[in-house]
2 protein chains.
Amino acid sequence: MTQQKSTNITWHEGDISRTERWDALTTSGATLWFTGLSGSGKSTVACALEQALIHRGVFSYRLDGDNVRHGLNKNLGFSAEDRAENIRRIGEVAKLFADAGVVALSSFISPYRADRDAVRALHADDGLAFIEVFVDAPLEVCESRDVKGLYKKARAGEIKGFTGIDDPYEAPGSAEITLRTGDQSVAESVEQMLAYLDSKGLARAGAGA
Amino acid sequence: MTQQKSTNITWHEGDISRTERWDALTTSGATLWFTGLSGSGKSTVACALEQALIHRGVFSYRLDGDNVRHGLNKNLGFSAEDRAENIRRIGEVAKLFADAGVVALSSFISPYRADRDAVRALHADDGLAFIEVFVDAPLEVCESRDVKGLYKKARAGEIKGFTGIDDPYEAPGSAEITLRTGDQSVAESVEQMLAYLDSKGLARAGAGA
């Protein structure tokens, strides 16, 4: 092994700084935290935004029930304590993604203000952008959609503690972005989010994209 | 909001596939799982590899005690059960990063074969590359370094259950990469890992890098 072979390897002692990482990758990490009632369209708009970002060349990743509840959080139930721990873990993982330079999209009902504010504080303490996206569709609209039949079951008492029916949804007081998904199209919501991200210099695509 | 404004937004119904994601980002996710005794050099080589990858334009992120034990896993102690849960959560998070197209570098002693094999299976079940990196320095070398003074405390009985002293280290039977960090330099270890990744078509840099 000659010295010369190592000339294309760059490193220094200790951790790489966030600035060095993001500059080298031409990226900016952030967390977009989608919150809203079941059926409000969180997953639909998060999914559409994720795709739009990726096709721009922006590293983006969605955390949702499918890849978190059956994996990282599969040992959590639905007690008050477990619900809080669910959101806490998701918040910590979103923060790791943001630090890595990825735009993390968290898509969970996350009905309690205190839980969301704790995740916001976690990001703020580490100098990372936390963007709360209130997916604001009226309960009547969400219930009339009832894609998974959950509202019907909740009304019939077959599901207990269902957000909006017999458990509260605490709407954000000052979300960075509010999407009126009862009225606006998915395309309009994506436009609105991209405009916000661009205005903040986020969602930077790699030089080659 | 006119239709035309949406022409630069690309998305389709449902989840983006891994192939579509990785192709659009010119990337390949994978997990490199570093395992070895305290003082073997896991963090040093993982840190150096991370920097080398990032300066190549490859999204890479290190999971280690600093960003996991004080965050996601701060509610875990050192009981047998909590140690297993620690590794399980790290494995799940590494898998999310790999799926996102990031090269995840996990740097923990992870002394038990069963825990590591469970993480390997988790990746294999989802078609993701899991690369075990055995950071193989003799106990005598690690103990003579004793950067944090932990071996001294373990020998004095001040720390119980210390890997290599009064708790076993189960060496990998068939790690994809073995680094003899007692003999080889950090540069040599990084070269070895990059050569492996290149041979597998991993560590793809974005087109603009």
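This text follows the structure it describes.
Just so you know, these numbers come straight off a predicted model, no measurement behind them. (Residues numbered from 1 in each chain as written. Chains lettered and ligands numbered in written order. Predicted model: local features only at pLDDT ≥ 70, side-chain atom pairs only at ≥ 80, totals over all residues. Heavy atoms only, no water.)

1. A closer look at the interface of chain A and chain B
If you look at the interface, chain A gives 53 residues, while chain B gives 53 residues. Taken together, the two surfaces of chain A and chain B that pack against each other cover about 4800 Å², and 65% of this comes from carbon and sulfur. Broken down residue by residue, the surface that chain A buries against chain B is led by Gln51, Phe59 and Leu96 of chain A, which jointly contribute 15%. In this structure, the connection of chain A to chain B is made through four salt bridges. (Contact = heavy atoms within 4.5 Å. Buried area = accessible area lost by both parts, 1.4 Å probe. Salt bridge = Lys/Arg side-chain N within 4 Å of Asp/Glu carboxyl O.)

2. Considering the relation of the copies chain A and chain B
For the pair chain A and chain B, the superposition axis carries a translation of 0.0 Å, the fit reaches an RMSD of 0.0 Å, and the rotation angle comes to 180°. Taken together, these values place the two copies in the relation of a two-fold axis. Here 100% of the interface residues in chain A have copies in chain B that are interface residues too; the copies meet face to matching face. (Least-squares fit on C-alpha atoms with pLDDT ≥ 70 in both.)

3. As for the sheet that holds strand E2 (residues 60–64) of chain A
Pairing between sheet strands relies on hydrogen bonds along the backbone, with the strands arranged either parallel or antiparallel. Residue and element names in this part refer to chain A. Taken in spatial order, the five strands make up an open sheet running E2-E3-E1-E4-E5, and their pairing is parallel. Either end of the sheet is taken by a strand with one partner, and the two such strands are E2 and strand E5 (177–179). Recorded for the sheet is a direction-independent mean angle of 20° between the axes of neighbouring strands. As defined by bridge partners, strand E4 (residues 130–135) adjoins E5 across three bridges and the pair is classed as parallel. Looking across to E5, one finds that valine 135 is bridged to leucine 179. Sheet strands touched by helix H4 (residues 80–100): strand E1 (30–35), E2 and strand E3 (103–107). Its angle to E1, the strand with the most contacts, is close to 145°. (Pairing = 2+ DSSP bridges. Helix = DSSP H or I, 4+ residues; strand = E, 2+ residues; numbered from the N terminus. Axes fitted to C-alpha atoms, helices over the stretch in contact; angles between N-to-C directions.)

4. Considering the pattern of salt bridges
Summed over all chains, the structure comprises 32 salt bridges over all chains. A salt bridge links glutamate 50 of chain B to arginine 21 of chain A; its shortest N-O distance comes to 2.7 Å. Of this pair, glutamate 50 of chain B sits in helix H2 (residues 42–56) while arginine 21 of chain A is found in helix H1 (residues 18–25), placing the two residues in two different chains. Side by side, glutamate 50 of chain B and arginine 21 of chain A carry an identical accessibility label, which is buried. A salt bridge links arginine 116 of chain A to glutamate 132 of chain A; the nearest nitrogen and oxygen atoms lie 2.7 Å apart. Within this pair, whereas arginine 116 of chain A is found in helix H5 (residues 113–125), its partner glutamate 132 of chain A is found in strand E4, the two being separated by 16 residues in sequence. (Buried < 20%, exposed > 50% of the residue type's maximum accessible area, 1.4 Å probe, protein only.)

5. A word on the pairing of E4 of chain A
Residues and elements named next belong to chain A. Summarising burial for E4: six of the six residues are buried, a large majority. Here E4 shows no split at all, with Phe130, Glu132 and Phe134 on one side and Ile131, Val133 and Val135 on the other all buried. Judged from the five bridges that link them, E1 and E4 form a sheet pairing that is parallel. Residue pairing in the sheet places threonine 31 in a bridge with phenylalanine 130 of E4.

6. Here we look at the side chain of arginine 116 of chain A
Exposure remark for arginine 116 of chain A: the relative accessible area of 0% places this residue in the buried category. Setting aside chain neighbours within four positions, we find arginine 116 of chain A in contact with Trp33, Thr35, Ser110, Pro111, Phe130, Glu132, Tyr169, Glu170, Ala171 and Pro172 of chain A.

7. Focus on the sheet that holds strand E2 (residues 60–64) of chain B
All names here are of chain B. Strand order across the open sheet formed by five strands is E2-E3-E1-E4-E5, with parallel pairing between neighbours. This sheet does not close on itself; its edge strands, each paired only once, are E2 and strand E5 (177–179). Across the sheet, the mean angle separating the axes of adjacent strands is 20° when strand polarity is ignored. Sheet strands in contact with helix H8 (residues 186–199) are strand E1 (30–35), strand E4 (130–135) and E5, and its direction is about 170° off that of E5.

8. Some points on the environment of arginine 69 of chain A
All names here are of chain A. With respect to the helices and strands, the residue arginine 69 is situated in helix H3 (residues 65–72). When the C-alpha positions of arginine 69 and asparagine 86 are compared, they lie 8.4 Å apart, and in sequence the two are 17 residues distant. Not counting residues within four places of it along the chain, the set of residues in contact with arginine 69 comprises Asp64, Lys74, Leu76, Gly77, Phe78 and Asn86. Among the polar contacts listed, one links the side chain of arginine 69 to the backbone oxygen of glycine 77, at a separation of 3.3 Å. (Polar contact = N/O pair within 3.5 Å; in protein donor to acceptor, adjacent residues only side chain to side chain.)

9. Examining the pairing of E1 of chain B
Residues and elements named next belong to chain B. By the criterion of burial, E1 is predominantly enclosed, with six of the six residues buried. Side chains Ala30, Leu32 and Phe34 project from E1 onto one buried face, and the interleaved Thr31, Trp33 and Thr35 project onto a second face that is buried too. Both E1 and strand E3 (residues 103–107) contribute to a ladder of five bridges, which runs parallel. The residue of E3 that forms the bridge with leucine 32 is leucine 105.

Distances and angles like these do not, on their own, reveal function.
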